[in-house]
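Notes for the structure review
Now for the letters of each chain:
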Amino acid sequence: MATFKIKRYNPEKQAEPYFEDFDLDIPAGSTLLDCINLIKWTQDGSLTYRMSCRSAICGSCAVKANGHAVLACQKQAASLLKKDGTIQIEPLGNMKPIKDLAVDFTPFWDKINKVKPYLQTHDNVPEKERKQSPEQFKLIDDSSTCIMCGACYSDCNVLEVDDNFLGPAALAKAQRFVGDSRDGKTLERVTELSEPGGIWDCTHCGECVERCPKPAEPFYRIKEIMAVALEQGVHNNNGARHALSFAKSIKHSGRLNENQIPVESVGYFNIKGLIELIPIGLRMLLKRKIPPIIHKSIDDVQDVKRIFKELDQ
Amino acid sequence: MKFALFTGCVSQGATRELMVSTRKAAEGLGIEFVEMKSAACCGAGVLSEKSAILADALNARTFAIAEKQGLDLVTICSTCQGVLKKTECNIKSDPEYKKKINHILNEGGHQYDGTKSRIKHFANILATEEGMKLLKEKIKKPLTGLKVAAFYGCYVLRPSGLSDYENPDDPTGMEEIFEALGATPVYYPSRTKCCGFPIVMMNKKASLEMAGNALVDAIESGADCVVTGCPLCHLNLDSYQPEIEKMLQKKYSIPILHLPQLVALALGYTPKELDMDKHIVSTSRIKRKLVAAG
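Residues numbered from 1 in each chain as written. Chains lettered and ligands numbered in written order. Predicted model: local features only at pLDDT ≥ 70, side-chain atom pairs only at ≥ 80, totals over all residues. Heavy atoms only, no water.

Some remarks on helix α1 (residues 32-42) of chain A
What counts is decided by this rule: Only protein chains enter the accessibility calculation, which uses a 1.4 Å probe. A residue is then buried if its area is under 20% of the maximum for its type, exposed if over 50%, and partly exposed in between. Put simply, DSSP marks the helices as runs of H or I at least four residues long and the strands as runs of E at least two long, and each gets a number from the N terminus on. By the convention used here, residues are in contact when the closest approach between their heavy atoms is within 4.5 Å.
Buried within α1 of chain A are the following residues: Leu-32, Leu-33, Cys-35, Ile-36, Asn-37 and Ile-39 of chain A. Packing partners of the buried residues in α1 of chain A comprise β1 (2-8), β2 (18-24), β3 (62-65), β4 (68-71) and β5 (86-90) of chain A.

Quick look at the structure:
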């Protein structure tokens, strides 16, 4: 017998969500969604959640299980059973609950729409179809698999503190078009995506890769957009300057010059940004934590320089 | 035990106390670390923003150096660990890519085989049967009564396929080490979260709020200190702590230690020998607590 601790919420009846326990024998081979369905059908018909295809295609049934977003129809219930015989089920994070496990996806869709999730083709209209080679399609194959279930959005560490971040799903969707050989607005797209709240606000926590039930894995798609943004010369922001400074430092000495990178990231002419670096600089100076002023190279740095050159970097 | 030590850049720069304490911990445990002086920066997941193949080539060069030394490679930074594992995965999963990478390395006299050297974080060489036995054998001053909160660092946990922890969503390796050292582990929800450091230059407010939430969580869970296996986490949690306090308008402070510092304390080294006086947040309460516990 397993105990499903399900977060309940009905704003018409309670001010705050609460947990309710449902005991259920998990039938062999059943998914988490099968169990939630059984609870609804046999114990409490008022339990509210989204579901449809039961085949990990529609993306409706994502919930949090034991604190992490999962697609309920894709997860074997028994695999979630904790040592104490419970499974904790909550609505997705970073979105407001509407009722029980159903959350308001409005900000999620707003952000998807913000990245213009449609092809903006080149002006030269071909006589027949716009063809893509298998190699060209490979660049957008992974992001095309997104089923917009919201699992990545739910567990994104940046969204927990900053609503302005576009978030992993919208950025993965953006890569779907940034990387599309048929799209004619690449520069415009990466310029917009380099604004605050865009690609450079991703904190590398990897939660989106871990929660994604498909190969879309947004963090890696975000990095692909970053590479395009840098290649297209969209450098006028801290994220791009940071990446360029990083590369420059490694090319020069094989390692990071931590005194130079913060300054180059905010930009030599960004007085406000430079002033903001003063408190941390002073604190570190007082504790003798400032990295060595004379920046030493690694042994055999010539080989590192050679590799940069060989790859045209 | 003998390993090739991939020091990473930050332990040579802004957190030199990590390098000092790593040497002491190794000395106390009788582990031999051979420093990889010609290994380049792992790229910290940032170099690959510019060019993925460039980052992979430099890291494959690092692996080739460890292979030539005939040693497993040990990292003392969660970010280095995760980034190196990602390169290893990229290369191992694609034989054509491996050929291309080796072609690039060839002129420098390096070849990456892929079977001769494993990549392990310092925590993961200790959180093994052999490591635990060694810790228990070498401890001189058990950290009795010290309540320690682990802060893992994202890159050693996610993606889970690249992690050495059995259950990266609920890891126990660091806490097992704390117990072996005689300390009391504190479990709190933020221990597997992001410290926010990667965006401190891009979105400082969000970055410091992430760090602040984790610190509040650790404090409210009753921890005396936070211990991390990642010097980048250390920078955000320690060096920025005064700014975090100001931003969250909360008066608190909690010392942040590097894992090798905690290990070396139990091996009998003094806080001074481990450069614990070079932290931004005072570590004196740890010393007091240990003195009080005898």
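Description of the state of the cysteines
All names here are of chain A. This is how the line gets drawn: Only a pair of cysteine sulfur atoms within 2.5 Å qualifies as a disulfide here.
Taken as a whole and assessed by the stated rule, the structure comprises zero disulfides over all chains. Unpaired in terms of disulfides, Cys-58 finds its nearest cysteine sulfur in Cys-53, a separation of 3.7 Å. By relative accessible area, Cys-58 is classed as partly exposed at 31%. There is no disulfide at Cys-152, and the cysteine sulfur nearest it, in Cys-208, is 6.3 Å away.

Side note on the pairing of strand β7 (residues 225-228) of chain B
All names here are of chain B. Keep this limit in mind: Should DSSP find at least two bridges between two strands, the strands are taken to pair.
Burial along β7 is two-sided: Cys-225 and Val-227 facing one way and Val-226 and Thr-228 facing the other are all buried. Pairing of β7 with strand β8 (residues 256-258) involves three bridges; the strand directions are parallel. By the bridge assignment, Val-226 is partnered in β8 with Ile-256.

Things to note about the sheet that holds strand β5 (residues 147-151) of chain B
All names here are of chain B. Counted only if it meets this: Axis lines are fitted through C-alpha atoms, for helices just across the contact stretch, and the angle between N-to-C directions can take any value from 0 to 180 degrees.
One open sheet holds the four strands; their spatial order is β6-β5-β7-β8, and the pairing between them is parallel. At either end of the open sheet lies a strand with only one pairing partner, and these are β6 (184-186) and β8. Looking at each pair of strands side by side, their axes are set apart by 40 degrees on average, direction ignored.

Considering the domain arrangement of chain A
Basically, it comes down to this: Just so you know, the domain bounds were taken from an automatic or database domain assignment.
Each assigned domain of chain A is listed here: domain 1 (2-103), domain 2 (106-231) and domain 3 (238-312). For domain 1 of chain A versus domain 3 of chain A, the separation of C-alpha centres amounts to 48 Å.

Overview of the environment of His-122 of chain A
Residue and element names in this part refer to chain A. Heads up, the rule is: Polar contact is defined as a pair of N or O atoms within 3.5 Å, subject to the rule that within protein one atom must be able to donate a hydrogen and the other to accept it, and that residues adjacent in sequence are counted only when both atoms are side-chain atoms.
Its place among the elements puts His-122 in the loop between α2 (106-114) and α3 (134-141). The class of His-122 is partly exposed, set by a relative accessible area of 35%. Apart from the residues within four sequence positions on either side, His-122 is in contact with Arg-130, Ser-181, Arg-182, Asp-183 and Gly-184. From its side chain, His-122 meets the backbone oxygen of Asp-183 in a polar contact 3.2 Å long.

A closer look at a nonpolar patch on the surface
Residues and elements named next belong to chain A. Here is the rule we go by: Like charges within 9 Å and nonpolar side chains (Val, Leu, Ile, Met, Phe, Trp, Tyr) within 5 Å are joined into patches, using only residues over 30% in relative accessible area that form no salt bridge. Surface accessibility follows the Shrake-Rupley procedure with a 1.4 Å probe radius. Residue values consider only the protein chains on display as shielding. Whenever a carboxyl oxygen of Asp or Glu lies within 4 Å of a side-chain nitrogen of Lys or Arg, that contact is scored as a salt bridge.
Residues Ile-271, Ile-275, Ile-278, Leu-282 and Leu-285 make up a contiguous nonpolar surface patch of roughly 500 Å² in combined accessible area. Of all the elements in the fold, those that place two or more residues in the nonpolar patch are α11 (271-276) and α12 (278-286). Residue contributions to the nonpolar patch peak at three residues, all from α12. Position of Ile-275 among the secondary structure elements: in helix α11.

Details of the confidence of the model for chain B
Reading predicted coordinates in detail is not appropriate for stretches of low pLDDT. For clarity, the threshold we go by: A score from 0 to 100, pLDDT tells how confident the predictor is in each residue.
On average, chain B scores 96 in pLDDT, and the residues at 70 or more come to 100%. Two summary scores accompany this predicted model of the complex, namely pTM at 0.96 and ipTM at 0.96.

Digging into the environment of Thr-22 of chain B
Residue and element names in this part refer to chain B. Of note, Thr-22 is situated in helix α1 (residues 16-29). Given the relative accessible area of 0%, Thr-22 is considered buried. Once the C-alpha coordinates of Thr-22 and Ala-264 are considered, the two residues, 242 residues apart in sequence, prove to be 8.0 Å apart. Not counting residues up to four positions away in its chain, the partners in contact with Thr-22 are Leu-5, Phe-33, Ile-76 and Pro-260. At 2.6 Å, the side chain of Thr-22 forms a polar contact with the backbone oxygen of Leu-18.

Overview of the pattern of salt bridges
Two side chains with opposite charge may pair up if their charged atoms get near one another. As enumerated under the stated definition, the model contains 38 salt bridges over all chains in all. Note that Arg-176 of chain A is salt-bridged to Asp-180 of chain A, the shortest N-O span being 2.8 Å. Across the pair, exposure class does not vary: Arg-176 of chain A and Asp-180 of chain A are buried alike. Close ionic contact of Glu-96 of chain B with Lys-99 of chain B constitutes a salt bridge, the shortest N to O distance being 3.5 Å. Of the two residues, Glu-96 of chain B and Lys-99 of chain B are both situated in helix α5 (residues 95-106); the distance of three residues between them amounts to about one turn of the helix. For the residue pair Glu-96 of chain B and Lys-99 of chain B, the accessibility class agrees, reading exposed in each case. Ionic contacts of the salt-bridge type, sharing partners, join the residues Asp-155, Glu-207 and Arg-211 of chain A together with Arg-158 and Asp-169 of chain B into one network.

With respect to the pairing of β4 of chain A
The two faces of the sheet receive side chains in turn, since in a regular strand these alternate between them. All names here are of chain A. Residues of β4 alternate between two faces, with His-68 and Val-70 on one and Ala-69 and Leu-71 on the opposite face, all of them buried. As judged from the four bridges shared by β3 and β4, these two strands associate in the antiparallel manner. Looking across to β4, one finds that Ala-62 is bridged to Leu-71. Between the end of β3 and the start of β4, which pair antiparallel, lie two residues, with Asn-66 showing a positive phi angle near 50 degrees.

A word on the side chain of Ser-154 of chain A
All names here are of chain A. Here Ser-154 lies in helix α4 (residues 151-155). The buried category is assigned to Ser-154, whose relative accessible area is 1%. A polar side-chain atom of Ser-154 sits 2.7 Å from a polar atom in the side chain of Asp-155. Once you skip the residues sitting within four places of it in the chain, Ser-154 turns out to touch Lys-64, Ala-69, Leu-92, Gly-93 and Asn-94.

Quick word on the packing of helix α13 (residues 301-310) of chain A against helix α3 (residues 52-69) of chain B
To keep things clear, this is the line we draw: If an angle is under 35 degrees, it is roughly parallel; if it is over 145, roughly antiparallel; if it lies from 65 to 115, roughly perpendicular; otherwise it is oblique. Crossing handedness follows the turn of the near helix against the far one: under a right angle anticlockwise gives a left-handed crossing, and clockwise gives a right-handed one.
Two numbers describe how α13 of chain A lies on α3 of chain B: the axes approach to 10 Å, and their chain directions differ by 150 degrees. Taken together, the axes of α13 of chain A and α3 of chain B are roughly antiparallel relative to one another. In terms of crossing hand, the pair formed by α13 of chain A and α3 of chain B is right-handed. Of α3 of chain B, the residues touching α13 of chain A (which contributes Asp-303, Val-304, Ile-307 and Phe-308 of chain A) are Leu-54, Ala-57, Leu-58 and Arg-61 of chain B.

With respect to the interface of chain A and chain B
Worth spelling out the cut-off: Take the accessible area each of two parts loses on contact, using a 1.4 Å probe, and add the two losses: that sum is the buried area. Polar here means any residue other than Ala, Val, Leu, Ile, Met, Phe, Trp, Tyr, Cys and Pro, which are nonpolar, and Asp, Glu, Lys and Arg, which are charged; Gly is therefore polar.
Contacts between the two partners involve 61 residues from chain A and, on the opposite side, 64 residues from chain B. Taking both sides of the interface into account, the surface hidden between chain A and chain B amounts to around 5,500 Å²; carbon and sulfur atoms contribute 58%. Of all residues in chain A, Val-161, Arg-283 and Lys-289 of chain A bury the most surface against chain B, accounting for 12% of the area lost on that side. Across the chain A-chain B interface, the total number found is seven salt bridges. For the salt bridge of Glu-243 of chain B with Arg-283 of chain A, the shortest nitrogen-to-oxygen distance reads 2.4 Å. Scanning the region where chain A abuts chain B turns up 28 residue pairs in polar contact (both at pLDDT 80 or more). Taken together, the elements giving at least two residues each to the side of chain A that touches chain B come down to α7 (207-211), α8 (218-231), α9 (238-253), α10 (260-266), α12 and α13 of chain A. Ranked by the residues each element gives to the side of chain A that touches chain B, the list is headed by α9 of chain A, at eight residues. When the residues that make up the side of chain A that touches chain B are grouped by side-chain class, the tally is 31 nonpolar, 11 polar and 19 charged.

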